[in-house]
Amino acid sequence: MDGTILTPDSRPAEDFVIGQWWERYGAAEHAIWRALFERQSALLRGRACMEFLDGLAATGAAADGIPDFERASDLLDKATGWRIAAVAGLVPDDVFFWHLANRRFPVTNWIRAPEQMDYLEEPDVFHDFFGHVPMLMNPVFADYMRAYGQGGLKALRQGALPYLARLYWYTVEFGLIRGGDGLRIYGSGIASSRAESVYCLESPEPNRIAFDLLRVMQTDYRIDDLQAVYFAIDDFQQLFDATRPDFTPYYVALRERPDLAPEAVLPSDILIP
Ligand code: HBI
Ligand code: FE
């Protein structure tokens, strides 16, 4: 069993990397990028954390069109040693983790259709690039993502993927951060969504709970609706430090605990007003 699962240093039979083929995008596709970029940039001012907004600027991405992955990769590489790998869509879990463990972030090369401006089932280049690449410019977050990839390959060998997938969901995709000027967004699923970028901070509906690693890994998530709960970190070092230890004993402990519904609130939760 063990030998069939990738390690960070092995090579998969198929890496799922394709070309971006930037020159194939048409004016209509660049126009969709522009509309999404302008909309989300305006919404994220005062809502996303400084690390996200600074990272976005540092990628060289702009409203004028879909960014060129090679140019952005050169900037990213200089900042944190990461590069972008163009893919056609979702890649198998082991291959996804293997890329992360080697500091490559898979970014889908196609952009959504005009009627999908507000909701998309699968990630496209706007979600993957605008949502994910900015935070990879931050050295601490970039190290967290690499460690996540290494941890993912290990979790696959231990049959613990669902726990680790929750951690990804509630941090990388839907994470909030508590800074000097209040709650801010860093999660890509929020940053790339019109509705969620407002709802996560301003709606009275969802619970906002201080990040706790085991609590997060115990909690189910919704894939087809706004989230019922967000977990807020204090800073990225906290996230990196919490996820540094060997997770093996955590997985053992988690198997003894019931899964929690997204709406659950525990007496031990620290709720953020
Ligand atoms: N593939 N392209 C792509 N993007 C993802 O975010 C992704 C994936 N494959 C698997 C995967 N995510 C999951 O394993 C993680 O969300 C845990
Ligand atoms: Fe994503």
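What counts and what doesn't
- Residues numbered from 1 in each chain as written.
- Chains lettered and ligands numbered in written order.
- Predicted model: local features only at pLDDT ≥ 70, side-chain atom pairs only at ≥ 80, totals over all residues.
- Heavy atoms only, no water.
- Buried < 20%, exposed > 50% of the residue type's maximum accessible area, 1.4 Å probe, protein only.
- Helix = DSSP H or I, 4+ residues; strand = E, 2+ residues; numbered from the N terminus.
- Pairing = 2+ DSSP bridges.
- Right-handed = clockwise from strand over helix to strand, strands pointing away.
- Donors = N, O, S within 2.8 Å, 3.2 Å for Na, K, Ca; no water.
- Near = heavy atom within 4 Å.
- Polar contact = N/O pair within 3.5 Å; in protein donor to acceptor, adjacent residues only side chain to side chain.
- Areas by Shrake-Rupley, 256 points an atom, 1.4 Å probe, with all protein chains shown as cover.
- 1 Å grid on protein atoms, 1.4 Å probe; cavity = no way out; pocket = protein on both sides within 12 Å on 5 of 7 lines; lining within 4 Å.
- Sits in = over half its atoms within 2 Å of the grid points.
- Nonpolar A, V, L, I, M, F, W, Y, C, P; charged D, E, K, R; others polar.
- Axes fitted to C-alpha atoms, helices over the stretch in contact; angles between N-to-C directions.

Draft legend 1. Molecular detail of the pairing of strand β1 (residues 83–87). Most of β1 is tucked away, with four of its five residues classed as buried. Examined bridge by bridge, β1 and strand β2 (residues 104–108) share five bridges and lie parallel to one another. By the bridge assignment, Val87 is partnered in β2 with Thr108. What joins β1 to β2 is helix α4 (residues 93–101), and the crossover it makes is right-handed.

Draft legend 2. The coordination of the iron ion (ligand 2), seen in detail. Looking at the iron ion (ligand 2), the protein donor atoms are His127 (NE2), His132 (NE2) and Glu173 (OE), and they sit 1.9 to 2.1 Å from it. Mapped onto the sequence, the donors of the iron ion (ligand 2) take the spacing H-x4-H-x40-E. Of this pair, His132 sits in helix α5 (residues 125–136) while Glu173 sits in helix α7 (residues 161–173); the two residues are 41 residues apart in sequence, bridging distant segments of the chain. With respect to class, His132 is no different from Glu173; both count as buried.

Draft legend 3. Layout of the site of ligand 1. Around ligand 1, the surrounding shell consists of Gly89, Leu90, Val91, Asp93, Phe96, Phe97, Tyr148 and Tyr168. At 3.1 Å, a backbone N or O of Gly89 approaches a nitrogen atom of ligand 1. When ligand 1 sits alone it has 390 Å² of accessible area, and the protein chains cover 86% of it. Here ligand 1 occupies the largest pocket. Among the elements that take part in the shell around ligand 1, α4 stands out by supplying three residues, more than any other. Its residues assigned to classes, the shell around ligand 1 comprises six nonpolar, one polar and one charged.

Draft legend 4. Representation of unusual backbone geometry. Of note in this structure, Phe16 is not a glycine but carries a positive phi near 65 degrees. Residues other than glycine seldom take positive phi values, yet Arg103 does so here, at roughly 60 degrees. Residue position: Arg103 is located in the loop between α4 and β2. Among the residues examined, Arg103 registers a relative accessible area of 28% and is labelled partly exposed.

Draft legend 5. Spotlight on the sheet that holds strand β3 (residues 176–179). Read across the sheet, four strands follow the order β4-β3-β6-β5 without closing on themselves; strand pairing throughout is mixed. In this open sheet, the two strands that pair with only one neighbour each are β4 (182–185) and β5 (207–210). Each neighbouring strand pair of the sheet contributes to a mean axis angle of 35 degrees, computed without reference to strand direction. Inspection of the sheet shows β3 paired to strand β6 (residues 229–233) by two bridges, in the parallel sense.

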